[in-house]
Amino acid sequence: MKERDYTLDVIRVTATFFIVLFHFASANLLANSPFYTYANGAWGGPLNSIFFVLSGFVLEKKYDKIDNVKAFYKQRFLAIFPVFYIAFLVCYLLTAIASGNFFYGGNPVKLLLTVIGADNYSLLYGGTGYAVVGEWFTAIIVLIYIVFPVLCKMFKTMTVSATLIIALLYILNLFWGLTSTSVETSFINGLFLFWVGMLLTKVSKYLKRNILVTAITFILSAAIIFYRVNVVEAVRLAMMNLLGITLFVFLYGLFGFEWKSEKARKTLMFFSNISYSVYISHHFIVNKVAGKMMENNININIYLYFIVLWMVIFAVSIVLYQVSRYVIKLPGKIKKSKSKGESNE
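Residues numbered from 1 in each chain as written. Predicted model: local features only at pLDDT ≥ 70, side-chain atom pairs only at ≥ 80, totals over all residues. Heavy atoms only, no water.

Right, let's get into the layout of surface pockets. Empty space among the atoms can be located by rolling a probe the size of a water molecule over them. Here the largest pocket is characterised by a volume of approximately 1900 Å³. Surrounding the largest pocket, 49 residues form its lining, Arg 4, Asp 9, Arg 12, Val 58 and Lys 62 being those nearest its centre. Going through the elements one at a time, helix H1 (6-27), helix H2 (44-62), helix H3 (69-99), helix H6 (136-157), helix H12 (262-295) and helix H13 (302-344) are the ones with two or more residues in the lining of the largest pocket. Here the second largest pocket is characterised by a volume of approximately 430 Å³. Lining the second largest pocket are 17 residues, and of these Phe 18, Trp 43, Leu 47, Ile 225 and Leu 247 lie nearest its centre. Put simply, the parts of the chain that give the lining of the second largest pocket at least two residues each are H1, H2, helix H10 (211-226) and helix H11 (233-254). (1 Å grid on protein atoms, 1.4 Å probe; cavity = no way out; pocket = protein on both sides within 12 Å on 5 of 7 lines; lining within 4 Å. Points joined across faces, edges and corners; volume = space filled by probe spheres on them. Helix = DSSP H or I, 4+ residues; strand = E, 2+ residues; numbered from the N terminus.)

Right, dumping it as C-alpha coordinates:
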(Lines give C-alpha, C1' and ligand atoms only; values in the text may rest on other atoms or scores of the structure.)
Protein backbone atom coordinates (compact mmCIF):
# COMPACT_ATOMS: atom_id res chain seq x y z
CA MET A 1 0.00 0.00 0.00
CA LYS A 2 1.37 3.41 -0.99
CA GLU A 3 2.23 5.87 1.76
CA ARG A 4 -0.33 8.65 2.09
CA ASP A 5 0.76 12.06 0.84
CA TYR A 6 -0.61 14.44 3.45
CA THR A 7 0.33 17.46 1.35
CA LEU A 8 -2.52 16.54 -0.99
CA ASP A 9 -4.88 16.57 1.98
CA VAL A 10 -3.74 20.13 2.74
CA ILE A 11 -4.47 21.20 -0.84
CA ARG A 12 -7.88 19.50 -0.85
CA VAL A 13 -8.94 21.08 2.46
CA THR A 14 -7.62 24.52 1.45
CA ALA A 15 -9.38 24.47 -1.93
CA THR A 16 -12.62 23.26 -0.31
CA PHE A 17 -12.53 26.08 2.24
CA PHE A 18 -12.06 28.72 -0.43
CA ILE A 19 -14.73 27.34 -2.76
CA VAL A 20 -17.20 27.62 0.14
CA LEU A 21 -15.96 31.16 0.78
CA PHE A 22 -16.40 31.97 -2.92
CA HIS A 23 -19.99 30.71 -2.99
CA PHE A 24 -20.71 32.50 0.28
CA ALA A 25 -19.58 35.78 -1.31
CA SER A 26 -21.62 35.01 -4.44
CA ALA A 27 -24.82 34.12 -2.56
CA ASN A 28 -24.61 37.22 -0.39
CA LEU A 29 -24.02 39.60 -3.31
CA LEU A 30 -20.44 40.42 -2.29
CA ALA A 31 -19.32 40.77 -5.90
CA ASN A 32 -16.57 43.25 -5.04
CA SER A 33 -15.15 41.08 -2.28
CA PRO A 34 -11.59 39.74 -2.76
CA PHE A 35 -13.09 36.35 -1.83
CA TYR A 36 -15.24 36.50 -4.96
CA THR A 37 -12.95 38.07 -7.55
CA TYR A 38 -9.28 38.54 -8.27
CA ALA A 39 -7.84 41.01 -10.78
CA ASN A 40 -8.56 38.86 -13.83
CA GLY A 41 -11.80 37.08 -13.01
CA ALA A 42 -13.87 35.24 -10.41
CA TRP A 43 -12.33 32.71 -8.04
CA GLY A 44 -14.61 29.85 -9.07
CA GLY A 45 -12.54 29.04 -12.17
CA PRO A 46 -9.08 28.76 -10.55
CA LEU A 47 -10.49 26.81 -7.59
CA ASN A 48 -12.20 24.28 -9.88
CA SER A 49 -8.92 24.08 -11.82
CA ILE A 50 -7.14 23.10 -8.61
CA PHE A 51 -9.66 20.30 -8.02
CA PHE A 52 -9.18 18.91 -11.55
CA VAL A 53 -5.37 19.01 -11.20
CA LEU A 54 -5.60 17.44 -7.76
CA SER A 55 -7.85 14.63 -9.04
CA GLY A 56 -5.44 13.80 -11.86
CA PHE A 57 -2.46 13.89 -9.53
CA VAL A 58 -4.11 11.69 -6.89
CA LEU A 59 -5.43 9.05 -9.29
CA GLU A 60 -2.16 8.74 -11.18
CA LYS A 61 -0.29 8.38 -7.87
CA LYS A 62 -2.79 5.76 -6.68
CA TYR A 63 -3.01 3.65 -9.84
CA ASP A 64 0.22 2.62 -11.56
CA LYS A 65 -2.00 0.51 -13.77
CA ILE A 66 -5.58 -0.71 -13.70
CA ASP A 67 -5.78 -4.50 -13.86
CA ASN A 68 -9.43 -4.70 -12.85
CA VAL A 69 -11.52 -2.02 -14.56
CA LYS A 70 -14.70 -3.20 -12.86
CA ALA A 71 -13.11 -2.83 -9.41
CA PHE A 72 -11.85 0.64 -10.36
CA TYR A 73 -15.32 1.79 -11.43
CA LYS A 74 -16.80 0.38 -8.23
CA GLN A 75 -14.28 2.32 -6.12
CA ARG A 76 -14.97 5.55 -7.99
CA PHE A 77 -18.74 5.03 -7.75
CA LEU A 78 -18.51 4.53 -3.98
CA ALA A 79 -16.29 7.59 -3.67
CA ILE A 80 -18.84 9.85 -5.38
CA PHE A 81 -22.41 8.66 -5.41
CA PRO A 82 -23.42 7.48 -1.90
CA VAL A 83 -22.75 10.95 -0.47
CA PHE A 84 -24.30 12.56 -3.55
CA TYR A 85 -27.49 10.47 -3.43
CA ILE A 86 -28.03 10.89 0.32
CA ALA A 87 -27.50 14.66 0.15
CA PHE A 88 -29.74 14.93 -2.88
CA LEU A 89 -32.57 12.94 -1.29
CA VAL A 90 -32.62 15.16 1.81
CA CYS A 91 -32.33 18.44 -0.11
CA TYR A 92 -34.83 17.33 -2.75
CA LEU A 93 -37.42 16.51 -0.09
CA LEU A 94 -36.83 19.82 1.69
CA THR A 95 -37.18 21.73 -1.59
CA ALA A 96 -40.26 19.76 -2.68
CA ILE A 97 -42.00 20.26 0.67
CA ALA A 98 -41.14 23.97 0.73
CA SER A 99 -42.48 24.46 -2.81
CA GLY A 100 -45.45 22.18 -2.31
CA ASN A 101 -44.54 20.34 -5.49
CA PHE A 102 -42.52 17.14 -5.80
CA PHE A 103 -42.01 17.91 -9.50
CA TYR A 104 -40.79 21.46 -9.01
CA GLY A 105 -38.10 20.88 -11.64
CA GLY A 106 -40.52 20.00 -14.40
CA ASN A 107 -40.58 16.71 -16.24
CA PRO A 108 -39.71 13.95 -13.69
CA VAL A 109 -37.64 12.23 -16.38
CA LYS A 110 -35.04 14.91 -15.61
CA LEU A 111 -34.46 13.11 -12.30
CA LEU A 112 -32.51 10.56 -14.34
CA LEU A 113 -29.84 13.22 -14.77
CA THR A 114 -29.40 13.17 -11.00
CA VAL A 115 -28.77 9.42 -11.10
CA ILE A 116 -25.63 10.03 -13.18
CA GLY A 117 -24.64 13.24 -11.38
CA ALA A 118 -25.35 15.45 -14.39
CA ASP A 119 -28.30 17.48 -13.10
CA ASN A 120 -26.28 20.62 -12.37
CA TYR A 121 -24.40 20.33 -15.65
CA SER A 122 -27.64 20.10 -17.61
CA LEU A 123 -28.69 23.50 -16.27
CA LEU A 124 -25.82 25.06 -18.21
CA TYR A 125 -27.94 24.46 -21.30
CA GLY A 126 -30.84 26.40 -19.75
CA GLY A 127 -34.28 25.32 -18.59
CA THR A 128 -35.28 23.84 -15.25
CA GLY A 129 -34.19 20.78 -13.33
CA TYR A 130 -33.86 19.10 -9.96
CA ALA A 131 -30.28 20.07 -9.17
CA VAL A 132 -29.97 20.95 -5.48
CA VAL A 133 -26.53 19.65 -4.47
CA GLY A 134 -23.07 19.58 -5.98
CA GLU A 135 -22.01 21.48 -9.09
CA TRP A 136 -21.32 21.04 -12.80
CA PHE A 137 -17.87 19.78 -11.76
CA THR A 138 -19.42 16.44 -10.69
CA ALA A 139 -20.55 15.50 -14.20
CA ILE A 140 -17.17 16.29 -15.74
CA ILE A 141 -15.17 14.36 -13.16
CA VAL A 142 -17.50 11.36 -13.56
CA LEU A 143 -16.85 11.40 -17.33
CA ILE A 144 -13.10 11.64 -16.71
CA TYR A 145 -13.27 8.70 -14.30
CA ILE A 146 -15.05 6.68 -16.98
CA VAL A 147 -12.21 7.25 -19.47
CA PHE A 148 -9.42 7.10 -16.85
CA PRO A 149 -8.44 3.47 -17.59
CA VAL A 150 -7.70 4.61 -21.16
CA LEU A 151 -5.92 7.74 -19.93
CA CYS A 152 -3.85 5.63 -17.55
CA LYS A 153 -2.71 3.36 -20.38
CA MET A 154 -1.97 6.34 -22.63
CA PHE A 155 0.04 7.95 -19.84
CA LYS A 156 2.24 4.86 -19.55
CA THR A 157 2.68 4.10 -23.24
CA MET A 158 2.38 7.38 -25.18
CA THR A 159 2.83 10.26 -22.75
CA VAL A 160 4.29 12.77 -25.20
CA SER A 161 1.90 12.16 -28.10
CA ALA A 162 -1.13 12.05 -25.75
CA THR A 163 0.00 15.32 -24.16
CA LEU A 164 0.29 16.99 -27.56
CA ILE A 165 -3.18 15.76 -28.60
CA ILE A 166 -4.84 16.90 -25.37
CA ALA A 167 -2.99 20.25 -25.46
CA LEU A 168 -4.09 20.79 -29.06
CA LEU A 169 -7.72 20.05 -28.17
CA TYR A 170 -7.42 22.45 -25.24
CA ILE A 171 -6.05 25.28 -27.41
CA LEU A 172 -8.65 24.73 -30.12
CA ASN A 173 -11.37 24.73 -27.48
CA LEU A 174 -10.03 27.93 -25.93
CA PHE A 175 -10.09 29.90 -29.15
CA TRP A 176 -12.88 28.27 -31.15
CA GLY A 177 -15.10 26.55 -28.55
CA LEU A 178 -15.39 22.92 -29.63
CA THR A 179 -18.20 22.21 -27.18
CA SER A 180 -21.70 23.64 -26.77
CA THR A 181 -21.08 24.81 -23.19
CA SER A 182 -18.68 27.52 -22.05
CA VAL A 183 -14.99 26.69 -22.33
CA GLU A 184 -14.56 26.80 -18.56
CA THR A 185 -17.20 24.13 -17.94
CA SER A 186 -16.32 21.92 -20.90
CA PHE A 187 -15.10 18.33 -20.73
CA ILE A 188 -12.00 19.26 -22.75
CA ASN A 189 -11.00 21.91 -20.22
CA GLY A 190 -11.45 19.51 -17.30
CA LEU A 191 -9.58 16.76 -19.15
CA PHE A 192 -6.64 19.06 -19.87
CA LEU A 193 -6.32 20.10 -16.22
CA PHE A 194 -6.70 16.49 -15.05
CA TRP A 195 -3.93 15.46 -17.47
CA VAL A 196 -1.71 18.26 -16.15
CA GLY A 197 -2.21 16.76 -12.68
CA MET A 198 -1.13 13.37 -14.01
CA LEU A 199 1.95 14.93 -15.64
CA LEU A 200 2.94 16.65 -12.40
CA THR A 201 3.36 13.25 -10.74
CA LYS A 202 6.40 12.71 -12.96
CA VAL A 203 8.18 15.65 -11.32
CA SER A 204 6.52 15.55 -7.90
CA LYS A 205 9.76 14.81 -6.06
CA TYR A 206 11.23 18.04 -7.47
CA LEU A 207 8.24 20.12 -6.37
CA LYS A 208 8.17 19.37 -2.66
CA ARG A 209 10.12 21.85 -0.55
CA ASN A 210 11.78 23.24 -3.65
CA ILE A 211 12.37 26.87 -2.73
CA LEU A 212 12.94 28.00 -6.32
CA VAL A 213 9.79 26.35 -7.74
CA THR A 214 7.71 27.50 -4.78
CA ALA A 215 8.98 31.07 -5.17
CA ILE A 216 8.34 31.13 -8.93
CA THR A 217 4.79 29.77 -8.60
CA PHE A 218 4.10 32.22 -5.77
CA ILE A 219 5.23 35.18 -7.88
CA LEU A 220 3.32 33.98 -10.94
CA SER A 221 0.15 33.36 -8.90
CA ALA A 222 0.42 36.76 -7.22
CA ALA A 223 0.88 38.46 -10.59
CA ILE A 224 -2.30 36.92 -12.00
CA ILE A 225 -4.24 37.60 -8.78
CA PHE A 226 -3.28 41.25 -8.36
CA TYR A 227 -2.27 42.57 -11.79
CA ARG A 228 -5.09 43.21 -14.27
CA VAL A 229 -4.28 42.56 -17.92
CA ASN A 230 -6.53 43.30 -20.88
CA VAL A 231 -6.51 40.22 -23.08
CA VAL A 232 -8.93 38.30 -25.29
CA GLU A 233 -11.30 35.89 -23.55
CA ALA A 234 -9.34 32.79 -24.59
CA VAL A 235 -6.16 34.10 -22.95
CA ARG A 236 -8.09 35.13 -19.84
CA LEU A 237 -9.42 31.58 -19.51
CA ALA A 238 -5.92 30.18 -20.01
CA MET A 239 -4.69 32.49 -17.23
CA MET A 240 -7.51 31.22 -15.00
CA ASN A 241 -6.35 27.63 -15.51
CA LEU A 242 -2.71 28.65 -15.12
CA LEU A 243 -3.57 30.24 -11.78
CA GLY A 244 -5.14 26.99 -10.60
CA ILE A 245 -2.06 25.02 -11.70
CA THR A 246 0.46 27.42 -10.13
CA LEU A 247 -1.50 27.55 -6.87
CA PHE A 248 -1.51 23.75 -6.75
CA VAL A 249 2.26 23.58 -7.30
CA PHE A 250 2.85 26.41 -4.81
CA LEU A 251 0.83 24.67 -2.08
CA TYR A 252 2.47 21.33 -2.86
CA GLY A 253 5.89 22.92 -2.39
CA LEU A 254 4.94 25.02 0.63
CA PHE A 255 3.38 22.17 2.62
CA GLY A 256 5.57 19.40 1.22
CA PHE A 257 7.36 18.70 4.47
CA GLU A 258 7.14 15.42 6.36
CA TRP A 259 4.07 15.34 8.59
CA LYS A 260 5.59 13.65 11.64
CA SER A 261 2.89 14.55 14.16
CA GLU A 262 0.31 11.77 14.43
CA LYS A 263 -2.23 14.29 15.71
CA ALA A 264 -1.64 16.57 12.71
CA ARG A 265 -1.96 13.65 10.29
CA LYS A 266 -5.23 12.48 11.84
CA THR A 267 -6.62 16.02 11.81
CA LEU A 268 -5.72 16.44 8.14
CA MET A 269 -7.25 13.08 7.24
CA PHE A 270 -10.45 13.94 9.09
CA PHE A 271 -10.96 17.26 7.28
CA SER A 272 -9.88 15.75 3.98
CA ASN A 273 -12.34 12.87 4.37
CA ILE A 274 -15.31 15.18 4.89
CA SER A 275 -14.23 17.69 2.19
CA TYR A 276 -16.32 15.98 -0.50
CA SER A 277 -19.37 16.08 1.79
CA VAL A 278 -18.70 19.80 2.28
CA TYR A 279 -18.48 20.30 -1.49
CA ILE A 280 -21.74 18.42 -2.08
CA SER A 281 -23.81 20.05 0.67
CA HIS A 282 -22.50 23.60 1.07
CA HIS A 283 -24.18 25.14 -2.00
CA PHE A 284 -27.66 24.21 -0.79
CA ILE A 285 -26.99 25.43 2.75
CA VAL A 286 -25.32 28.70 1.69
CA ASN A 287 -28.07 29.58 -0.80
CA LYS A 288 -30.94 28.72 1.55
CA VAL A 289 -29.49 30.67 4.47
CA ALA A 290 -28.60 33.66 2.28
CA GLY A 291 -32.11 33.62 0.82
CA LYS A 292 -33.71 33.65 4.27
CA MET A 293 -31.39 36.43 5.42
CA MET A 294 -32.36 38.65 2.49
CA GLU A 295 -36.03 37.70 2.60
CA ASN A 296 -36.31 38.71 6.25
CA ASN A 297 -33.89 41.64 5.93
CA ILE A 298 -31.65 40.28 8.69
CA ASN A 299 -28.46 42.23 9.28
CA ILE A 300 -25.57 40.50 11.02
CA ASN A 301 -21.82 40.91 11.19
CA ILE A 302 -20.55 39.26 7.99
CA TYR A 303 -17.67 37.49 9.75
CA LEU A 304 -19.91 36.09 12.49
CA TYR A 305 -22.40 35.08 9.80
CA PHE A 306 -19.71 33.17 7.90
CA ILE A 307 -18.40 31.42 11.03
CA VAL A 308 -21.87 30.28 12.08
CA LEU A 309 -22.64 29.14 8.54
CA TRP A 310 -19.39 27.17 8.44
CA MET A 311 -20.31 25.47 11.71
CA VAL A 312 -23.63 24.38 10.16
CA ILE A 313 -21.93 23.13 6.98
CA PHE A 314 -19.29 21.36 9.06
CA ALA A 315 -21.88 19.58 11.23
CA VAL A 316 -24.02 18.55 8.24
CA SER A 317 -20.95 17.29 6.38
CA ILE A 318 -19.83 15.11 9.28
CA VAL A 319 -23.29 13.53 9.50
CA LEU A 320 -23.43 13.10 5.72
CA TYR A 321 -20.00 11.44 5.67
CA GLN A 322 -20.82 9.09 8.55
CA VAL A 323 -24.20 8.08 7.09
CA SER A 324 -22.64 7.41 3.68
CA ARG A 325 -19.93 5.22 5.27
CA TYR A 326 -22.62 3.28 7.09
CA VAL A 327 -24.62 2.79 3.88
CA ILE A 328 -21.51 1.63 2.00
CA LYS A 329 -20.63 -0.90 4.69
CA LEU A 330 -24.21 -2.08 5.24
CA PRO A 331 -24.33 -4.74 2.45
CA GLY A 332 -21.14 -6.31 3.82
CA LYS A 333 -22.53 -6.34 7.35
CA ILE A 334 -25.78 -7.93 6.19
CA LYS A 335 -23.87 -10.56 4.22
CA LYS A 336 -21.60 -11.28 7.19
CA SER A 337 -24.56 -11.51 9.56
CA LYS A 338 -26.38 -13.85 7.15
CA SER A 339 -23.32 -16.09 6.79
CA LYS A 340 -22.88 -16.21 10.56
CA GLY A 341 -26.55 -17.15 10.97
CA GLU A 342 -26.24 -19.95 8.42
CA SER A 343 -23.09 -21.32 10.09
CA ASN A 344 -24.91 -21.51 13.43
CA GLU A 345 -27.71 -23.61 11.99
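Further notes follow.
Our focus in this paragraph is the nonpolar core. Nonpolar side chains in soluble globular proteins tend to be buried together. With 89 residues, the main nonpolar core has Phe 148, Phe 194 and Phe 248 as its most contacted residues. Excluding residues that lie within four positions of it along the chain, Phe 194 makes contacts with Phe 52, Ser 55, Gly 56, Leu 59, Ile 141, Ile 144, Tyr 145, Phe 148 and Leu 151. (Core = buried A, V, L, I, M, F, W, Y, C linked by side-chain atoms within 4.5 Å. Buried < 20%, exposed > 50% of the residue type's maximum accessible area, 1.4 Å probe, protein only. Contact = heavy atoms within 4.5 Å.)

Before going further, it helps to examine the packing of aromatic side chains. Per the counting criterion, the structure on display carries 38 aromatic pairs. Geometrically, the ring pair formed by Phe 270 and Phe 314 is edge-to-face, given 6.0 Å between the ring centres and 80° between the ring planes. Here Phe 270 is found in helix H12, whereas its partner Phe 314 is found in helix H13, with 44 residues between them in sequence. Ring pairing ties together the aromatic residues Phe 17, Phe 18, Phe 24, Tyr 305, Phe 306 and Trp 310, which thus form one cluster. Of note, Arg 76 hangs over the ring of Tyr 145, and the distance from its end group to the ring centre comes to 5.3 Å. (Phe/Tyr/Trp six-rings, centres within 6.5 Å; stacked < 30°, edge-to-face > 60°. Lys NZ or Arg CZ within 6 Å of the ring centre and 35° of its normal.)

On to empty space enclosed by the protein, then. This structure, assessed with the given rule, holds one cavity of 30 Å³ or more. Its boundaries defined by the atoms lining it, the largest cavity holds a volume of some 30 Å³. Of the residues forming the lining of the largest cavity, the biggest block, four residues, is contributed by H2. When grouped by side-chain class, the residues that make up the lining of the largest cavity number four nonpolar, five polar and one charged. (Nonpolar A, V, L, I, M, F, W, Y, C, P; charged D, E, K, R; others polar.)

Attention now goes to the pattern of salt bridges. Tallied over the full model, the rule gives seven salt bridges. Linking Glu 60 and Lys 156 is a salt bridge whose minimum nitrogen-to-oxygen distance equals 2.7 Å. Here Lys 156 lies in helix H6 and Glu 60 lies in helix H2, a separation of 96 residues in the sequence. Relative accessible area serves as the criterion here: at 7%, Glu 60 is assigned to the buried category. Lys 156 sits in the partly exposed class, given a relative accessible area of 42%. A salt bridge links Glu 233 to Arg 236, with the shortest nitrogen-to-oxygen separation between them at 2.6 Å. Placement of the pair is Glu 233 and Arg 236 together in helix H11, with a separation of three residues, close to one helical turn. (Salt bridge = Lys/Arg side-chain N within 4 Å of Asp/Glu carboxyl O.)

Locating Ser 272 in the fold gives a position in helix H12. Overall, the relative accessible area of 6% leaves Ser 272 in the buried class. Here the side chain of Ser 272 touches Asp 9 through a polar contact of 2.7 Å, side chain to side chain. (Polar contact = N/O pair within 3.5 Å; in protein donor to acceptor, adjacent residues only side chain to side chain.)

In this section: H12. Note that an α-helix has 3.6 residues per turn; residues three or four places apart therefore point the same way. Between its terminal C-alpha atoms H12 stretches 46 Å, which fits the 50 Å expected from 34 residues at 1.5 Å a residue. The largest bend in H12 comes to about 45°, at Ser 281. The first or second residue beyond H12 is Asn 297, which carries a positive phi of 55°. (Expected span 1.5 Å × (residues − 1). Bend = angle between axes of the 7 residues up to and from the residue.)

What follows covers the packing of H3 against H6. One way to put it is that H3 packs onto H6 with a least axis distance of 9 Å and a crossing angle of 165°. The angle between the axes of H3 and H6 places the two elements in the roughly antiparallel class. Where H3 crosses over H6, the two elements pack in a sense that is right-handed. Across the interface between the two elements, Val 69, Phe 72, Tyr 73, Arg 76, Ile 80 and Phe 81 from H3 touch Thr 138, Ile 141, Val 142, Tyr 145, Ile 146, Phe 148 and Pro 149 from H6. Grouping the amino acids of the contact of H3 with H6 by side-chain chemistry returns eleven nonpolar, one polar and one charged. (Axes fitted to C-alpha atoms, helices over the stretch in contact; angles between N-to-C directions. Parallel < 35°, antiparallel > 145°, perpendicular 65-115°, else oblique. Left-handed = near helix turned anticlockwise from the far one by under 90°.)

Here we come to a nonpolar patch on the surface. There is a patch of nonpolar side chains on the surface, built from Met 158, Ile 165, Leu 169, Ile 171, Phe 175, Trp 176, Leu 178, Val 231, Val 232 and Val 235 and spanning about 910 Å² of accessible area. If one sorts the elements of the nonpolar patch by residue count, helix H7 (residues 159-176) sits on top with five residues. Judged by its relative accessible area of 39%, Val 231 falls in the partly exposed class. (Patch = residues over 30% accessible without salt bridge, like charges linked within 9 Å, V, L, I, M, F, W, Y side chains within 5 Å. Areas by Shrake-Rupley, 256 points an atom, 1.4 Å probe, with all protein chains shown as cover.)

Looking now at helix H8 (residues 187-200). Between its terminal C-alpha atoms H8 stretches 20 Å, which fits the 20 Å expected from 14 residues at 1.5 Å a residue. Those residues of H8 not exposed but buried are Ile 188, Asn 189, Gly 190, Leu 191, Phe 192, Leu 193, Phe 194, Trp 195, Val 196, Gly 197, Met 198 and Leu 200.

Looking now at the environment of Ser 317. Along the chain, Ser 317 falls in helix H13. Given a relative accessible area of 0%, Ser 317 falls into the buried group. Beyond its immediate sequence surroundings of up to four residues, Ser 317 is in contact with Ile 274, Ser 277, Val 278 and Ser 281. Among the polar contacts made by the side chain of Ser 317, one reaches the main-chain amide nitrogen of Val 278 at a distance of 3.4 Å.

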